[in-house]
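Below, each chain spelled out in residue letters.
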Amino acid sequence: MSGKTFEILELGPGIPLALAGLSALKQPLPVVKVAEDSSKLLTFGPEQGFEQALTFEVPWLPDMDALHVVRAGVRITPVTAYLDPGLRAGSSGAAVLELPAGNARSDEVLVDAQLDEVRIRGLEIPVASGDYFLAGNATHVLRWRAGEAPAWVTTGGAPFLHFAICLGQGDGFGPPAAAFPHFSMPGNSGLYGAALAGGQMVMTTRPDGRVDVTLRVTPRLRTRKCKLVLLRLDGDHVARYDDGLPHEGVPIGWSAEEIETLWRGGLQDVEIEAFVSSEGVAEPDVAPVSSFPGSALREGSATFVDFSAAARSLLRGAHGARESGDQDLALAVRFDAQTRGRVRYQDFEVVAEYRRFPGDEFEDGAPALKLRGAPEPIRLQLPAGLRPSRATLTLDGSFGRHALIPASDRGSLQPELRADSYRVRGTARVARWVPLPGTPNALPPRPLLTRVGVEGRAAGPCELLLALHRGRPGFVGERIGDPVALSVETEVHPRWHRAELGRAARAASRLSDLEGVWLVAEVSRGTFWWSAALDDAQVGESVGVSCLLSEGGGTWDARPGRPRIQVHHELVAGEPGAPIPEAIEFHVNWGGPSAPAWERLDVDLRPSAIAGAVDFRAEGVMPFGEGGVTQGISRARVRLDQLAELDGGVLELGFDCVRDVDFRLLDLAFTYNPWTAKSS
């Protein structure tokens, strides 16, 4: 007899049956039914091990102060997992089916298993007399007759046979939980479905007269132990294959060459932890991440595992403990399961950044600057050749009450040794005309002048005297108050020398009839070279003669250009020029100490412009801008690239403001992406 296979889908009464007499159905049913990307799967079991790990390499960057994890996580989804199949070498009569050992880490673990399929190979049913019928529906019936091999027939009669599965209960077994075929429940008016329905049965006849039967259990039965019995139903009320009820069946004898059971299960009692593997460390520190007791991880249900806190602690510790070497840091996330199973993972990411705090190298850990009308530089050491992804700074400071008047000269971060300087020595005096802000004789009166300064250098120890004089352009009048004295030491490069005016000079400077004042410099000893801009024609055109020289006595001679001066006045709330937050300029030297190339960046380090504001804090300022790309390559990105090209990693920054300001760089942080900092 040639073999023939019919596949019967038990979907319930009134639903058409799907059957296929195809030879392909003779092949063993696959254990893994859905093709999956194994590269994204973690498989747990005695063969692969009940511990699996995912590893993320974090490149090592030298000369960093900290390694910070922004976020770290992975999304896991338990997928279809078949447990180790059970196999009975043979059976005669009822067959007890048990989940085999090996599906759990130990015998003490109770596996939450579900019976999925029962495969009966070499089924034989002894028949003393008459016929037995096992059917999928009324027209596809397999008949057993004494002395003959099983045969397919299109109709049958009582007695009909049903396979039934009874679940284990305590030391025994309960009533049937699934039947093949189902029972149609006699007298059913349509309010109820068939009893024990939904299963699927595939029968295949063999040339040797035996039959292979596959029972696909739908829905799957949650059990670790069950009994498979063959029931016979007959009687006058049994006319169809599905007539009768389960309790009317009488178990009969049967045998099989072997019975295989397929069980499905999921991961149970999963513990997730993280650690950083380091060279030479046999037992690294371990940080717990998540715990999923029992069957908390459900098949097909995605769970996001956030291990940011663990990764942050572990990588911070590993970075701090590293004293030498350049080996990358390997962050591992380990999954420890108690049962066989599989899990798909996706969105596995670790977002981390190195941080460099160059301000910590200063004595008190926070560079302090006092701006008094000229820029002040600070020098920082960055890791050479590494490109930061972001730079942020936080300022905390206070504005003073003094500011430069408009006629003052601004300082420079790169003072030049000017050849066009005026020499002040002996009885020589040099004067610079300073127009005062505001309109003469206007109300309210103009602010008090409080401080004067000149830019220059001394050729040996020198005592410099500065005084204000009344007058007009081209004419130096009487002195206002007493002169102020400054001791100047020998210097190579010019710098600013400032002095506070005396009380009399301050009071007199507020006279409403003054259009301007002359700042007169002389020395009581030594020589002072007063820096000047001899080619500055614009000032001369606007105010007439702005520089006068006296070689002694009362005669003053006009001279070209203008000596560089600064005059501060006091800002008073409620008066013209009342205190408001002034711009704090930000400069950067792209050329390094050996070849300075200063650039002022368009960065405003002020807090919100509130009239009368004095104390301030500017937090999280990014002076170089965002490092991302919006349209093409942003200017900020180019600047961040330039930081990687600094000679020796030396970065010089400069700050300037027309108003007095004292501030500290509370936080100066350069952030580096571990994966892109070294790229060109």
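To start, this report covers the structure provided alongside it. The residue numbers shown here count from 1 along each chain, following its written sequence. Local features in a predicted model are, by the rule used here, given only for residues with pLDDT of at least 70; side-chain atom pairs are given and counted only at 80 or more, and totals for whole chains, interfaces and linings are based on all residues. Water and hydrogen atoms were dropped before computing side-chain values, which therefore reflect all heavy atoms in the structure.

## What to know about the overall build of the protein
Here a helix means four or more residues in a row that DSSP labels H or I, a strand means two or more in a row labelled E, and each is numbered from the N terminus. Each helix and strand counted, the protein has four helices and 44 strands in total. For every residue, the accessible area (1.4 Å probe, protein chains only) is compared with the maximum for its type, and the residue is labelled buried under 20%, exposed over 50%, or partly exposed between those bounds. Counting every position in the protein, which comprises 680 residues, the buried fraction comes to 48%. Note on contacts: a residue pair is in contact if any heavy atoms of the two residues lie within 4.5 Å. Within the protein, residue pairs in contact and separated by at least 24 positions form 78% of the contacts whose partners lie at least 6 positions apart. In short, Shrake-Rupley with a 1.4 Å probe defines the accessible areas, and a residue's cover is counted only from the protein chains shown. Carbon and sulfur atoms form 49% of the exposed surface of the protein, whose accessible area is close to 31200 Å².

## What to know about the sheet that holds strand S20 (residues 270-277)
What makes two strands pair is DSSP finding at least two bridges between them. Spatially, S3-S23-S20-S21 is the arrangement adopted by the four strands of the open sheet, whose pairing is antiparallel. If you trace the sheet from one side to the other, it starts and ends with strand S3 (51-58) and strand S21 (286-292), each paired once. If you compare each strand with its neighbour and ignore which way they point, the axes differ by 20 degrees on average. Relative to strand S23 (residues 329-336), S20 is paired through seven bridges, and the arrangement is antiparallel. Paired with Val276 across the strands is Leu331, a residue of S23. Angular values range over 0 to 180 degrees, each being the angle between N-to-C directions of two axes fitted as lines to C-alpha atoms, with helices fitted over their stretch in contact.

## Considering the sheet that holds strand S26 (residues 376-381)
On the basis of which strands lie adjacent, the open sheet formed by four strands has the order S26-S43-S40-S41 and antiparallel pairing. Two strands lie at the open edges of the sheet, namely S26 and strand S41 (598-601), each paired on one side alone. Direction aside, neighbouring strands of the sheet carry axes that sit 25 degrees apart on average. Relative to S41, strand S40 (residues 585-589) is paired through four bridges, and the arrangement is antiparallel.

## Re the pairing of strand S43 (residues 650-656)
The side chains of a regular strand alternate between the sheet's two faces. Most of S43 is tucked away, with seven of its seven residues classed as buried. Across the two faces of S43 the burial is the same, with Val650, Glu652, Gly654 and Asp656 and Leu651, Leu653 and Phe655 all buried. Bridge count for S26 against S43 is six bridges, and the pairing is antiparallel. If you follow Glu376 over to S43, its bridge partner there is Phe655. Across five bridges, S40 lies against S43 in antiparallel orientation. Across the sheet, residue Phe586 finds its bridge partner in S43, namely Phe655.

The values are spatial; any link to function lies outside them.
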